[in-house]
Amino acid sequence: MTQAAPPSIPDGALTRELLMSGQLRELIARAMPDVRLTTDEERAESLRAMLDARPEHGDGVWVFAYGSLVWNPTMLVSGRRPATAVGWHRAFCLSVKMGRGTPDNPGAMLGLRPGGRCPGMVLRIAEHDVEHELDLLWRREMVADGYIPVWVPIEDPDGEPMGAAIAFTINAAQPSYCGDLPEEEIVRRLATARGRLGSGAEYLFRTRDGLAEMGVTDAFLDRMAELVTKELNRTE
């Protein structure tokens, strides 16, 4: 029997169609057979628990974007604003062997770790789109155990409270957590790793540039971009 060809990601893009079809899950299962994927029931239960814990009702929800959601949300959003997540900071702490890395050369992606403040942006999902668009978001972020969804407090650029937003914080108890890697190794991974979604360097630069377009800067991203650029220039 001829084995079916694995699904592909057209033009390196993570799209709504790919998420709804379940192909992202299949790609991860093929690339990382040692990773436990969440079941449909677990994913639905996780989303229901988040909605049950929703602090505000009736006028849509905020989703905090600190990585690829900044420049490729895939969701239908009714607005976006600069915002800071209070009590959290971004870090390259998720090791990936698919998407922006391979089993032979894993990449690193962002997660939220406890402590500090994280400048980013929030995406607004209109009330009538909440359940459908969050289901799409859960198919993207909760396909495995890498993240824990949390309602985090957010502030506007003037420090005024904006309520709470859904954010995907890192699950430090799962095998893909890499928060203890030295900075040099993170830089190497970002400069050299590449997968079906593109390179780690592209992920970093697009996140930094997408936030800059909203007037948001982050010293951590700026430093990492400088170090990765030097590494890329050194290895050319």
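Predicted model, so just to flag it, every value in this text is computed and none were measured.

> Outline the nonpolar core, supporting the account with residue identities and numerical values.
Phe 64, Phe 92, Leu 134, Trp 138 and Leu 204 are the most contacted members of the largest nonpolar core, which has 61 residues in total. At nine residues, the largest contribution of residues to this core is made by strand β3 (residues 107–125). Dropping the residues within four chain positions of it, Leu 134 is found in contact with Leu 47, Leu 51, Val 61, Val 63, Ile 125, Asp 129 and Ile 166. Among the nonpolar cores identified, the runner-up in size contains 13 residues, and Leu 19, Met 32, Leu 37 and Val 143 belong to it.

> With reference to specific residues and values, describe the packing of helix α5 (residues 183–192) against helix α7 (residues 219–235).
At a minimum axis distance of 9 Å, the contact between α5 and α7 shows a crossing angle of 65 degrees. Handedness of the crossing formed by α5 with α7: right-handed. Where α5 abuts α7, its residues Glu 183, Ile 186, Val 187, Leu 190 and Ala 191 lie against Arg 223, Met 224, Leu 227, Val 228, Glu 231 and Leu 232. Looking at the contact of α5 with α7, its residues break down into eight nonpolar, no polar and three charged.

> Tell me about the packing of aromatic side chains, and name the residues and values.
Summed over all chains, the structure comprises five aromatic pairs. Plain terms: the ring middles of Trp 138 and Phe 168 are 5.2 Å apart, the flat faces sit at 65 degrees to each other, and that makes the pair edge-to-face. Taken as a pair, Trp 138 in helix α4 (residues 130–141) and Phe 168 in strand β5 (residues 161–170) lie far apart in primary sequence, 30 residues in all. For the ring pair Tyr 147 and Phe 168, a centre distance of 6.4 Å and an interplane angle of 65 degrees mean the geometry is edge-to-face. Taken together, the residues span a long stretch of sequence, with Tyr 147 in strand β4 (residues 147–155) and Phe 168 in strand β5 at a distance of 21 residues. There is no split in this pair, since Tyr 147 and Phe 168 are both buried. Three or more aromatic residues joined by ring pairs form one cluster here, namely Phe 92, Tyr 203 and Phe 220. Over the ring of Trp 62 we find Arg 124; its NZ or CZ atom is 4.7 Å from the centre of that ring.

Rules behind the numbers
- Residues numbered from 1 in each chain as written.
- Predicted model: local features only at pLDDT ≥ 70, side-chain atom pairs only at ≥ 80, totals over all residues.
- Heavy atoms only, no water.
- Core = buried A, V, L, I, M, F, W, Y, C linked by side-chain atoms within 4.5 Å.
- Buried < 20%, exposed > 50% of the residue type's maximum accessible area, 1.4 Å probe, protein only.
- Helix = DSSP H or I, 4+ residues; strand = E, 2+ residues; numbered from the N terminus.
- Contact = heavy atoms within 4.5 Å.
- Axes fitted to C-alpha atoms, helices over the stretch in contact; angles between N-to-C directions.
- Left-handed = near helix turned anticlockwise from the far one by under 90°.
- Nonpolar A, V, L, I, M, F, W, Y, C, P; charged D, E, K, R; others polar.
- Phe/Tyr/Trp six-rings, centres within 6.5 Å; stacked < 30°, edge-to-face > 60°.
- Lys NZ or Arg CZ within 6 Å of the ring centre and 35° of its normal.

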